[in-house]
Structure formats: structure tokens, C-alpha cells
Amino acid sequence: MGKSIPASGAGAVRILLKNKKDFHFDLRSKEQEGTRTSYIFDVFYENVSGTLNMAVEDGEIRIAAMNLGLGKVITLSNDENLRKLGTYVLSQLG
């Protein structure tokens, strides 16, 4: 079992990156518009679940937001580690 995410959501992305084996996600939708691909994932980890939304353009994650139902939305502007998590998720799509 990995470390639980605190109710404040502090350090959530870092915890997920360190405990990838306990982090699960399901692709809910994928849409292509021009060169931009948008993804919505349902995400699950230990004591939380939520969604991860990403927009990828030219192979780079341009927009990312994760809502874990903890009263805080994690975005690239408040946690740059979200880009690393998004890259991991996309690499697992196969």
C-alpha cells in the first residue's frame, strides 16, 4: 500500500508519482481537434478518486487539470509535477 493523500491534497501528484503501482486510471474519452488531442481519465488511488483532463499538442502536454474530490483542482500552474504524471499516464496507453 502506498502513502495516503492528505485531505488537503498537499503533495498529491508527488505521492502518485512515487506510488505508481497503486495508481490506476481508465480512459473515459479521447477527442482529436486539428493537432490537439484531448483526454479525460477517471483516476483512482488509495483513498481518493477523480478525473484527469489533458490537452496534448505537438507531443507536449499543454493543458492538464486533475480533480481528486478534495476541494482542490491541481493544474500545471500550481504543480509542475502534473506534467510528469500526465506523461506517465499517456505512456501507459499502449
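Criteria and thresholds
Residues numbered from 1 in each chain as written. Predicted model: local features only at pLDDT ≥ 70, side-chain atom pairs only at ≥ 80, totals over all residues. Heavy atoms only, no water. Buried < 20%, exposed > 50% of the residue type's maximum accessible area, 1.4 Å probe, protein only. Helix = DSSP H or I, 4+ residues; strand = E, 2+ residues; numbered from the N terminus. Arc of directions from axis to C-beta. Contact = heavy atoms within 4.5 Å. Pairing = 2+ DSSP bridges. Phe/Tyr/Trp six-rings, centres within 6.5 Å; stacked < 30°, edge-to-face > 60°.

## Considerations on helix α2 (residues 81-91)
Listing the buried residues of α2 in full gives Leu82, Leu85, Gly86, Tyr88 and Val89. Viewed end-on, α2 has its buried residues packed into an arc of 160°, placing them on one side of the element. Looking at the packing, one finds that the buried side of α2 touches α1 (12-18), β1 (23-33), β2 (36-45), β3 (48-57), β4 (60-67) and β5 (73-75).

## Quick word on the pairing of β3
Summarising the sheet, β2 and β3 pair through ten bridges and their orientation is antiparallel. Paired with threonine 37 across the bridge in β3 is valine 56. Connecting β2 to the antiparallel partner β3 that follows it, the hairpin turn spans two residues, and glutamate 46 within it adopts a positive phi of roughly 40°. Looking at chain direction, β3 and β4 are connected through seven bridges and run antiparallel. Bridge pairing in β4 places valine 56 opposite isoleucine 61. Between the antiparallel neighbours β3 and β4 lie two residues, among them aspartate 58 with a positive phi of about 55°.

## A word on the packing of aromatic side chains
Under the counting rule described, the total for this entry stands at four aromatic pairs. Ring centres 5.6 Å apart and planes at 45° place the aromatic pair phenylalanine 23 and phenylalanine 25 in the tilted group. Relative accessible area serves as the criterion here: at 4%, phenylalanine 23 is assigned to the buried category. With 6.4 Å between their ring centres and 80° between their planes, phenylalanine 25 and tyrosine 88 make a pair best called edge-to-face. Taken together, the residues span a long stretch of sequence, with phenylalanine 25 in strand β1 and tyrosine 88 in helix α2 at a distance of 63 residues. Each member of the pair, phenylalanine 25 together with tyrosine 88, is buried. Connected via pairs of aromatic rings, a cluster forms that spans Phe23, Phe25, Tyr39, Phe41 and Tyr88.

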